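The residues making up each chain are set out below.
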Amino acid sequence: MREWRVKRRERTRQLIELGGLIAKAELIDLTDDDRAAIFGMLIEAATKLKGNNRDQQLLLWRRRGARAFAQNQLAEPS
């Protein structure tokens, strides 16, 4: 398979997974699928990451995300 095809598939998979995170965070339902609002939230997050407290903010979000993943895994039937 050509290298560009492999890269395109990897990129597509990444985008699908990121969209899944937006759904998993319930942002689609909470905003009534308002894509402008979701995009605005993402821009706000990017703005925070450009600030002085970048590392602290990332640590906070990473911990919250890890806890949410752990709770979700416990709630899913095995």
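Position numbers for residues count from 1 along each chain, tracking the sequence in the order it is written. Whole-chain, interface and lining totals are the exception, using all residues; otherwise, since this is a predicted model, local features are given only for residues with pLDDT of at least 70 and side-chain atom pairs are given and counted only at 80 or more. Note: side-chain values were computed over all heavy atoms of the structure, leaving out hydrogens and water.

1. Quick word on the environment of glutamine 56
Per the convention used, a helix needs a DSSP run of H or I reaching at least four residues, while a strand needs a run of E reaching at least two, with both numbered from the N terminus. By secondary structure assignment, the location of glutamine 56 is in helix α4 (residues 54-75). Residue glutamine 56 is classed as exposed on the basis of its relative accessible area of 57%. Think of it in three bands: residues with accessible area under 20% of the maximum for their type are buried, residues over 50% are exposed, and the middle band is partly exposed, with areas taken using a 1.4 Å probe on protein chains only.

2. Examining helix α1 (residues 3-24)
In this scheme, a helix's expected span is set at 1.5 Å multiplied by one less than its residue total. Between its first and last C-alpha atoms α1 spans 31 Å; for 22 residues at 1.5 Å apiece the expected length is 32 Å, and the two agree. Backbone geometry just downstream of α1 places glutamate 26 in the positive-phi region, at approximately 65°.

3. Things to note about unusual backbone geometry
You will see that aspartate 32, though not glycine, has its phi angle at about 55°, which is positive. By relative accessible area, which is 69% here, aspartate 32 ends up exposed. The phi angle at aspartate 33 is positive, at roughly 60°, despite the residue not being glycine. With respect to the helices, strands and loops of the structure, aspartate 33 is situated in the loop between α2 (27-30) and α3 (35-49).

4. Quick notes on the pattern of salt bridges
Salt bridge criterion: a side-chain nitrogen from Lys or Arg within 4 Å of a carboxyl oxygen from Asp or Glu. Counted according to the given criterion, the structure contains 4 salt bridges. Residues arginine 35 and aspartate 33 are paired through a salt bridge, measuring 3.3 Å at the closest nitrogen-oxygen approach.

5. Re a nonpolar patch on the surface
A patch is a set of surface residues, each over 30% in relative accessible area and not in a salt bridge, joined within 9 Å for like charges and within 5 Å for the nonpolar side chains Val, Leu, Ile, Met, Phe, Trp and Tyr. Accessibility throughout is a Shrake-Rupley quantity obtained with a 1.4 Å probe, and a residue counts as covered only by protein chains that appear here. A cluster of nonpolar side chains, Leu15, Leu18, Leu21 and Phe69, forms an exposed patch at the surface whose accessible area comes to about 360 Å². By residue number, the principal contributor to the nonpolar patch is α1, which donates 3 residues. Looking at where phenylalanine 69 falls in the secondary structure, it is placed in helix α4. Under the relative-accessibility criterion, phenylalanine 69 is labelled partly exposed at 43%.

6. Details of α3
Spanning 15 residues, α3 covers 21 Å between terminal C-alpha atoms, matching the ideal 21 Å at 1.5 Å per step. Capping the start of α3 is the job of one residue whose side-chain oxygen sits 3.1 Å from the backbone nitrogen of alanine 36: aspartate 34. Any pair of nitrogen or oxygen atoms within 3.5 Å is treated as a polar contact; in protein, a donor-acceptor pairing is required on top of that, and neighbouring residues in sequence qualify only through side-chain atoms on both sides.

7. So, the confidence of the model for the protein chain
A score between 0 and 100, pLDDT records how confident the predictor is in each residue. Of the residues in the protein chain, 92% have a pLDDT of 70 or more, and the chain-wide mean is 93. Here α4 is the element of the protein chain with the lowest mean pLDDT, 91, and α3 is the one with the highest, 97.

8. A look at the side chain of threonine 31
Structurally, threonine 31 is set in the loop between α2 and α3. Of the residues examined, threonine 31 reaches a relative accessible area of 15% and is grouped as buried. Polar contacts involving the side chain of threonine 31 include one to the main-chain carbonyl oxygen of isoleucine 28, which spans 3.5 Å. It only takes one pair of heavy atoms within 4.5 Å for two residues to be counted as in contact. With near-sequence residues (within four places) excluded, threonine 31 lies in contact with Ala37, Ile38 and Met41.

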